[in-house]
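# Topology and contacts: notes
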Amino acid sequence: MLEIIKERQVAIQNQLQGIAQKHADKSNGMFTVLPIDQDTYPGQSLLDSYIKGSPIDPAYSDELASAIDKRYKPFKTFMDNKEPSTSSLLRIGETLASGQNVINGSDHAELIDIALSQLAITNSLKQRGYTFNTGIIVSKMVDFLGVSVDGNTIPARVLFEQAFDRTYLTVPRSASTKGKFDELSIKAYNKHVRSVIAGDLNRRPRSNKIPMLLGAALPGTVNKFRNLPVDKNSAEKTLVIGHVSDGILSFSNFALTYATAVRLDKPDLFIDNVGFSLQLPEHITSFMGRMVLNLQKLDHETYVYDMSGDLPVL
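Quick summary incoming for the structure in this document. (Residues numbered from 1 in each chain as written. Predicted model: local features only at pLDDT ≥ 70, side-chain atom pairs only at ≥ 80, totals over all residues. Heavy atoms only, no water.)

## Observations regarding the pattern of salt bridges
Side chains bearing opposite charge may pair, as long as their charged atoms lie close to each other. The test is simple: We define a salt bridge as a contact between a side-chain nitrogen of Lys or Arg and a carboxyl oxygen of Asp or Glu at a distance within 4 Å. Working definition: helices are DSSP H or I runs of at least four residues, strands are E runs of at least two. Numbering for both runs from the N terminus. Burial status follows relative accessibility: with a 1.4 Å probe on protein chains alone, a residue under 20% of its type maximum counts as buried, one over 50% as exposed, and anything between as partly exposed.
As enumerated under the stated definition, the model contains 15 salt bridges in all. Residue aspartate 265 pairs with arginine 71 through a salt bridge whose shortest N-O separation is 3.1 Å. One end of the pair, aspartate 265, is in the loop between strand 11 (255–263) and strand 12 (268–276); the other, arginine 71, is in the loop between helix 2 (58–68) and helix 3 (72–81), with 194 residues separating them in the sequence. A salt bridge links lysine 76 to aspartate 80; the shortest N-O distance between them is 2.9 Å. One end of the pair is lysine 76 and the other is aspartate 80, both in helix 3 and four residues apart, which spans about a single turn. The partly exposed category is assigned to aspartate 80, whose relative accessible area is 25%. Salt bridges here are not isolated pairs; linked through shared partners, they connect Asp48, Lys140, Asp143 and Arg157.

Written out as structure tokens, the structure is:
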């Protein structure tokens, strides 16, 4: 299936590197852009759709994450010690212990927030004695990023290898990337990635496969303010949570999905007490309704879900 993108690979790589540049520009030096060089960075090939990892000890990866981002340690400490967070984590841990896969379904934050929050959650559960495989879905753009660690630049791929058993690499399809990629190629690529995820999550009857905790920012874009007419009598601003593609249904039926809201800056964490079996489009709509309510509790902001993917945003 991936053969279709071979002839368009260079153009797609250039676009992914351009997206990586935007992330680097607003990262305050945390990220640098890697050159397109498949000899040095073979993972940049579009035939490489996931990263097979070998996670290091949670205590050491906690230290490494703290060296990358100073927000990590206080967030991890908060998460480990706050009772509501503990109860939420135990709920996920016990679901995993029962043999069921779990998807941490969050709104779409910045890459570093997605990675660090998922690492903190997985490490905290491991340190409580739970056994499971770990996974995360991020943009293929990570293969064009380096991360600054104690003055050295390490390819982001290497850090994902050390953090998770599987890192699934998708190519973003949102309003901001529309027209930048060959649609046929990207559709084929992302379909392949989803099939790989489904294969890893599918636990057939009497299977001894270890369950997985998968981190996934479900909306296709970061939260944005809704473009509303100016009303001098109202200071209300509405944040739009991006549309969730029905494509996730190809693998979400193999897991129980929890709506998770994470804020590293505060720090704060909220994991819904209702797990969803996402099998139909209407299940996604119900799930996102819960996420809207949870985010409003967490942030004290007004949120709305872009159910049809056509709400005007700033």
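## A closer look at the pairing of strand 11
Rules: Following DSSP output, two strands are said to pair if at least two bridges run between them.
Here strand 11 lies mainly inside the structure; eight of its nine residues are buried. The pairing of strand 3 (residues 101–106) with strand 11 spans six bridges and is classified as parallel. Paired with asparagine 104 across the strands is tyrosine 258, a residue of strand 11. Here strand 11 pairs with strand 12 via six bridges, running antiparallel.

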